[in-house]
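Given next are the chains, with one letter for each unit.
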Amino acid sequence: MSRYWSDIVHRLTPYVPGEQPALAHPVKLNTNENPYPPSPAVVSAIRNELGEHAESLRRYPDPTARALRETVAAHHHLNADQVFAGNGSDEVLATVFQALLKHDKPILFPDITYSFYPTYARLYDVAYRTIALDDAFKIRIDDYTQSNGGILFPNPNAPTGHALPLSDIKRVVASNPDSVVVVDEAYVDFGAQSAISLIGQYPNLLVVHTTSKSRSLAGMRVGFAFGDAALIDALNRVKDSFNSYPLDRLAQAAATAAYMDDAWFGDCTEKVIASRERLTAQLTALGFDVVPSSANFLFARHAGYDAATLAARLKEKEIFVRHFKAPRIDQHLRISIGTDAECDTLVNALKEIVG
Ligand SMILES: *Cc1c(COP(=O)(O)O)cnc(C)c1O
């Protein structure tokens, strides 16, 4: 603490990301990174952008990331003016809070969800009300009809992995014509239906994507928002009042290439989904209750063992999983899907602990 701090700094509760251990070969199942590398086309695109003498780095990147937005727009059958690009979807979400979610009434999001949402709300002084998930950790969409200044939830939800069908998303969007409904689809490629197809019909729908999970580019920091051009315009107005160049040249080149290699993407995604089903069966056999997941992680608890203790015992073996000290979920672990070999290392360690 310091007398030089602004008021807002005193009031912040910063988000704590999952640990990035400084170990040679950790089994890292704590931040939902993809266990597979990005497409080789991504690596060539970065090399190509650098050229022989990295001459291009002398110049500022395209502030509008036009080539990237056009590629991603075509991929999703949208126009480029329906696409906003930012430095990771976290930055996109921060922009959304300022541009579209700060109104007189509180915004609504689930009590158990991505813990960055309350952090942004406090940073930008956005009032919010949390809505309890049901006992099976599902979003009850009928609870999202009360008066609100905006609605925000991930689909699939994090850290539960539960996905709503498109018909439910449509009902939430249709029943809230006076506020923006933001669907954070960070994990949609692992088994949920995207709401992007509804964008033409609903000017109040904004869908947020990231390249960090299904495109294996967490290290490049590239995320998107998709929606009606007027919503995207609002995001650009905030961006251009904050940082004109959120995406550097290498990130733009890398992400563009990632969207041009669908075969690689499809292959890695299928492998993750297969490993998820395999790990679900293995954990269930060990006595864990596993929430059915449509994402690249599992949310699981063991009735006989304290979750924080389990996480600590795994960490001793250099296996990292995520434990949240939060109401309702402090007996659960969130386990990212690794390669089958990494999942086997986890299962063998758990066998020693709980077996
Ligand atoms: C990982 C994650 C993000 C952030 O992704 P970045 O693009 O890496 O910033 C956003 N929302 C949810 C729900 C996530 O799990």
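Residues numbered from 1 in each chain as written. Predicted model: local features only at pLDDT ≥ 70, side-chain atom pairs only at ≥ 80, totals over all residues. Heavy atoms only, no water.

The name that an unreviewed UniProt entry assigns to the protein is Histidinol-phosphate aminotransferase, with the source organism given as Paraburkholderia diazotrophica. For the record of the protein, the UniProt heading Cofactor (unreviewed entry) holds the text "pyridoxal 5'-phosphate". The record held by UniProt for the protein lists under Pathway (unreviewed entry) the comment "Amino-acid biosynthesis; L-histidine biosynthesis; L-histidine from 5-phospho-alpha-D-ribose 1-diphosphate: step 7/9." (UniProt positions renumbered as here; feature names shortened; annotations may be inferred.)

Student: What should I look at first to understand the domain arrangement of the protein in this one?
Tutor: Often the size quoted for an interface is simply the accessible area lost on bringing the parts together. Taken as a whole, the protein is organised into domain 1 (7-38 + 263-354) and domain 2 (40-261). Centre-to-centre, using C-alpha coordinates, domain 1 lies 24 Å away from domain 2. Between domain 1 and domain 2, the residue contacts involve 33 residues of the former and 36 residues of the latter. Its largest share of buried area at the contact with domain 2, domain 1 owes to Tyr 15, Phe 265 and Arg 328, together 25% of the area lost on that side. For the pair domain 1 and domain 2, the interface holds one salt bridge. In this structure, the salt-bridge partner of Asp 111 is Arg 328, at a minimum N-O distance of 2.9 Å. Scanning the region where domain 1 abuts domain 2 turns up 14 residue pairs in polar contact (both at pLDDT 80 or more). If you list the elements that add at least two residues to the side of domain 1 that touches domain 2, you get α1 (7-11), α9 (262-285) and β10 (297-302). Here the residues of the side of domain 1 that touches domain 2 are counted per class, giving 19 nonpolar, nine polar and five charged. (Domains from an automatic or database assignment. Contact = heavy atoms within 4.5 Å. Buried area = accessible area lost by both parts, 1.4 Å probe. Salt bridge = Lys/Arg side-chain N within 4 Å of Asp/Glu carboxyl O. Polar contact = N/O pair within 3.5 Å; in protein donor to acceptor, adjacent residues only side chain to side chain. Helix = DSSP H or I, 4+ residues; strand = E, 2+ residues; numbered from the N terminus. Nonpolar A, V, L, I, M, F, W, Y, C, P; charged D, E, K, R; others polar.)

Student: Could you clarify how one ought to interpret empty space enclosed by the protein in this entry?
Tutor: It is a probe the size of a water molecule, rolled over the atoms, that shows where empty space is left. Taken as a whole and assessed by the stated rule, the structure comprises one cavity of 30 Å³ or more. When its volume is computed, the largest cavity comes out at roughly 70 Å³. Both domains that meet at the lining of the largest cavity, namely domain 1 (7-38 + 263-354) and domain 2 (40-261), each give it at least three residues. (1 Å grid on protein atoms, 1.4 Å probe; cavity = no way out; pocket = protein on both sides within 12 Å on 5 of 7 lines; lining within 4 Å. Points joined across faces, edges and corners; volume = space filled by probe spheres on them.)

Student: How do you make sense of the pattern of salt bridges when you look at a structure like this?
Tutor: Once the charged atoms of two side chains with opposite charge are near each other, the side chains can pair. Across all of its chains, the model carries 14 salt bridges by this definition. Across the pair Arg 58 and Glu 55 runs a salt bridge whose closest N-O atoms are separated by 2.9 Å. Since its relative accessible area comes to 56%, Arg 58 is described here as exposed. Sharing partners across several salt bridges, the network here consists of Arg 278, Asp 340 and Asp 344. (Buried < 20%, exposed > 50% of the residue type's maximum accessible area, 1.4 Å probe, protein only.)

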